[in-house]
Structures are given as C-alpha cells and as structure tokens.
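Coordinate inspection notes
Next come the chains, spelled out residue by residue.
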Amino acid sequence: RHAGVRTMLPLLLLLLPAAHGIDQLRYRPVLTTEPPLEGVRTASTFVVDQPRCVFKDYGNAVIWLVVALDQAASTFNNTERPGTPETAFQGFPDPVRAYMTLNATLGSYPCPKPDGEIAVLRVGSETSCTQDVKRPTCNGPLPVPGPYR
C-alpha cells in the first residue's frame, strides 16, 4: 500500500453537458466494493463504480467526469468546457483546481449492467498523456494526495 492511500477520498463531481447547457447532478460516485478488487485506492489512482442508470433521462448527452481538489469543488466553474486550458489535466492541481476526463456517452453506461461485466472507472490510470498538452482530457495519475471531489 502507498502512504497516500488514507488521505485520498473518492469524491467526484459528475457533470452532464445537455442540450440546454451543463447540468450538475446530485449523483456522487462511490469506491468500488463489488467485485472485490486489488488497488481500489493507490497513491495516484482510485476505482469507482460506473454510473449505470444515472443518465437514462438525458438522451444523447455527452458525459464528463470532473475531478477536483476537495477545497476547489464548490468553486468549479461549470461553464468551462472540456479540453480548455481551464480544465486541462496538465495544469492540475495548480493553476487548474479541477479537470475534466473520461468522456463518454449514454451507450457507455447501459442500464442495467450486462451480467458478468465488471463496471468500474479507474481514475488516474493513463500515464502516456500526462505531459501531452494535445490531450487535455487525459485520465492521468493524480499528482497530489486528496481528498478529491
């Protein structure tokens, strides 16, 4: 186990760009408990359940995961768009206090989950794009211990 594990809280903010703008949902992802997995929390990653059945009323919405430092979550500007300097992974945690990653559509999270499918999201799993400014929505390793929202 890594030393930073105990300080990382799996609290994320999901935003949903809908036809009329960005809707903030009350849904909060939770750490995966089923099936039991090794490495649910490490110093630079954590694993949450996929948001199955959460977006069923949003038609053809585009879904983004926002990862924010705990103290920055309440001031996140939900009018910012993914892929901009204000939401780029490469600027996290300073000056970017929250970044947008793991772009998906409704089809990525079918409801209900197909039998036998492991339905998780590993936040921080992509190492190849951490310095690549052409990939501002990188799902790169978390550079500082949390807590996160």
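An unreviewed UniProt entry lists the protein under the name UPK3B protein, with Illadopsis cleaveri as the source organism.

Time to look at the overall build of the protein. Scanning the protein for helices and strands turns up zero helices and six strands. For the protein, the α and β elements follow one another from N to C terminus as β-β-β-β-β-β. Burial status across the protein gives 44% buried among its 149 residues. By sequence separation, contacts in the protein at least 24 residues apart represent 69% of the contacts at least 6 residues apart. Surface summary for the protein: the accessible area is close to 8,100 Å², and the carbon and sulfur share equals 52%.

A few words on the environment of Ser-44. Relative to the assigned elements, Ser-44 resides in the loop between strand E2 (21-24) and strand E3 (46-49). Taking the C-alpha atoms as reference, Ser-44 lies 8.3 Å from Ser-125; in sequence the two are 81 residues apart.

This paragraph deals with the nonpolar core. If you look at the biggest cluster of nonpolar residues, it comprises 24 residues, and the most contacted ones within it are Phe-46, Val-67, Tyr-99, Tyr-109, Val-123, Leu-142 and Tyr-148. Going through the elements one at a time, E3, strand E4 (62-68), strand E5 (98-105) and strand E6 (120-123) are the ones with two or more residues in this core. With seven residues, the next largest nonpolar core counts Trp-64, Ala-73, Phe-76 and Ala-98 among its residues.

Next up on the list: the packing of aromatic side chains. This structure, assessed with the given rule, holds five aromatic pairs. Three or more aromatic residues link up through ring pairs in this structure, and these residues are Phe-46, Phe-89, Phe-92, Tyr-99 and Tyr-148.

For the structure shown, the criterion picks out two disulfides. Two residues, Cys-53 and Cys-111, share a disulfide whose sulfurs are 1.9 Å apart. Looking along the S-S bond of the Cys-53-Cys-111 disulfide, the torsion reads about 95°, which is the right-handed sense. One end of the pair, Cys-53, is in the loop between E3 and E4; the other, Cys-111, is in the loop between E5 and E6, with 58 residues separating them in the sequence. Given a relative accessible area of 28%, Cys-53 falls into the partly exposed group.

Rules and cut-offs
Throughout this description, residue numbers start from 1 for each chain and increase along the sequence as written. Under the rules for a predicted model, residues below a pLDDT of 70 receive no local features and side-chain atom pairs below 80 are neither given nor counted, while totals for whole chains, interfaces and linings still include all residues. Excluding hydrogens and water, the side-chain values take into account all heavy atoms of the structure. Put simply, DSSP marks the helices as runs of H or I at least four residues long and the strands as runs of E at least two long, and each gets a number from the N terminus on. Type-normalised accessible area, obtained with a 1.4 Å probe on protein chains alone, sets the label of each residue: buried when under 20%, exposed when over 50%, and partly exposed for intermediate values. Contacts are residue-level and defined by heavy atoms, with any inter-residue pair within 4.5 Å sufficient. Values of accessible area rely on a 1.4 Å probe in the Shrake-Rupley scheme; residue burial ignores everything except the protein chains shown. In this description, a nonpolar core means a group of buried Ala, Val, Leu, Ile, Met, Phe, Trp, Tyr and Cys residues linked to one another through side-chain atoms lying within 4.5 Å. Centre distance within 6.5 Å is the pairing criterion for rings of Phe, Tyr and Trp, where only the six-membered ring of Trp is used; planes under 30 degrees apart are then read as stacked, over 60 as edge-to-face, and the remainder as tilted. Throughout, disulfides are identified as pairs of cysteine sulfur atoms within 2.5 Å of each other.

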